[in-house]
Amino acid sequence: MKKVLQTLILLLISLSSYQTFATHLMGGDITYELVTAPNIYKVHLTLYRDCSGIVPVTNPVIQVKQYGTQNIYTQIVLNMSAAPLNVTNLCPSAISSSTCNGGSLMSMEKWEFETTTGLPFGNGIDLSLEYVDCCRNCAITNLISPCNYGWTIRTRMKIGTAIIDNSPKFTIPPVMVVSANQVSNISWNATDVDGDSLVYSLVNPQQTATAAVAYSAPYNASNPLASSPALQFNTA
């Protein structure tokens, strides 16, 4: 089986100086792990937040839908599974001056939530797990009016008596610092315990379950930042 990774992993591309904003979300992903066949799963949500903004809710809700529709089967309430973790690429001596610690240096936290639950069951049923939030980070400069956009991430899964399906998982946090006028190679490696082949893709970020955000020209989903030579993306 081939799985396509379309998880939102782009945290923040800012072409201007850092400012303080009230919004917060910078990235995230949803994963799932089969606990008991055929339909008892551990569902995990990871969020990355700008420490200058508001904190996430402590009990986020994931909607379980029929894939490709807005038909909601059920909703899942998740609980915090770990303490917030500062994942900023700062020198150790500068961590105490980060916004996560009350300072002024840009920084971000990783928040994790999970629950174990029974999901809607059917032979080969196709599901979409979706998390929606109000607040996209205002420091993004490649979108038209980023403060006005909501924020949606989703993952797709199949459930059935003969289906053993676990989601891929990223092995490193999608947090990086890219230096001007320097070539940067960024790898967001993922693994799949089922041994399925993985394919990576850049997709349009969603502001709602049915609507994508609007990029500022000349940016788009396949060209999200200014680069010379142009950005190259390897799908393998």
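Keep in mind that this is a model prediction, so the values were computed, not measured.

A. Broad picture of the pattern of salt bridges. All told, the structure shown has six salt bridges when counted by the stated rule. Measuring nitrogen to oxygen at the nearest pair gives 3.7 Å for the salt bridge that ties Lys-169 to Glu-33. Note that Lys-169 is positioned in strand 11 (residues 169-170) and Glu-33 in strand 2 (residues 25-36), a separation of 136 residues in sequence. With relative accessibility at 34%, the residue Glu-33 sits in the partly exposed group. A salt bridge links Arg-154 to Glu-130; the nearest nitrogen and oxygen atoms lie 3.1 Å apart. In this pair, Arg-154 sits in strand 10 (residues 151-159) while Glu-130 sits in strand 9 (residues 125-133), placing the two residues 24 residues apart along the sequence. Under the relative-accessibility criterion, Arg-154 is labelled partly exposed at 31%. Members of the salt-bridge network, linked through shared partners, are Lys-65, Glu-130 and Arg-154.

B. Inspection of the pairing of strand 4 (residues 61-66) at higher detail. Bridge analysis of strand 4 against strand 5 (residues 72-77) gives five bridges, and the strand direction is antiparallel. Bridge pairing in strand 5 links Ile-62 to Ile-76.

C. Inspection of the sheet that holds strand 4 at higher detail. The four strands are arranged 5-4-9-10 in an open sheet whose pairing can be described as antiparallel. Looking at which strands have only one partner, the edges of the open sheet turn out to be strand 5 and strand 10. Along the sheet, successive strands turn relative to each other by an average axial angle of 25°, direction set aside. One ladder, built from nine bridges, connects strand 9 with strand 10; its direction is antiparallel. Paired with Leu-127 across the bridge in strand 10 is Met-157.

Rules behind the numbers
- Residues numbered from 1 in each chain as written.
- Predicted model: local features only at pLDDT ≥ 70, side-chain atom pairs only at ≥ 80, totals over all residues.
- Heavy atoms only, no water.
- Salt bridge = Lys/Arg side-chain N within 4 Å of Asp/Glu carboxyl O.
- Helix = DSSP H or I, 4+ residues; strand = E, 2+ residues; numbered from the N terminus.
- Buried < 20%, exposed > 50% of the residue type's maximum accessible area, 1.4 Å probe, protein only.
- Pairing = 2+ DSSP bridges.
- Axes fitted to C-alpha atoms, helices over the stretch in contact; angles between N-to-C directions.

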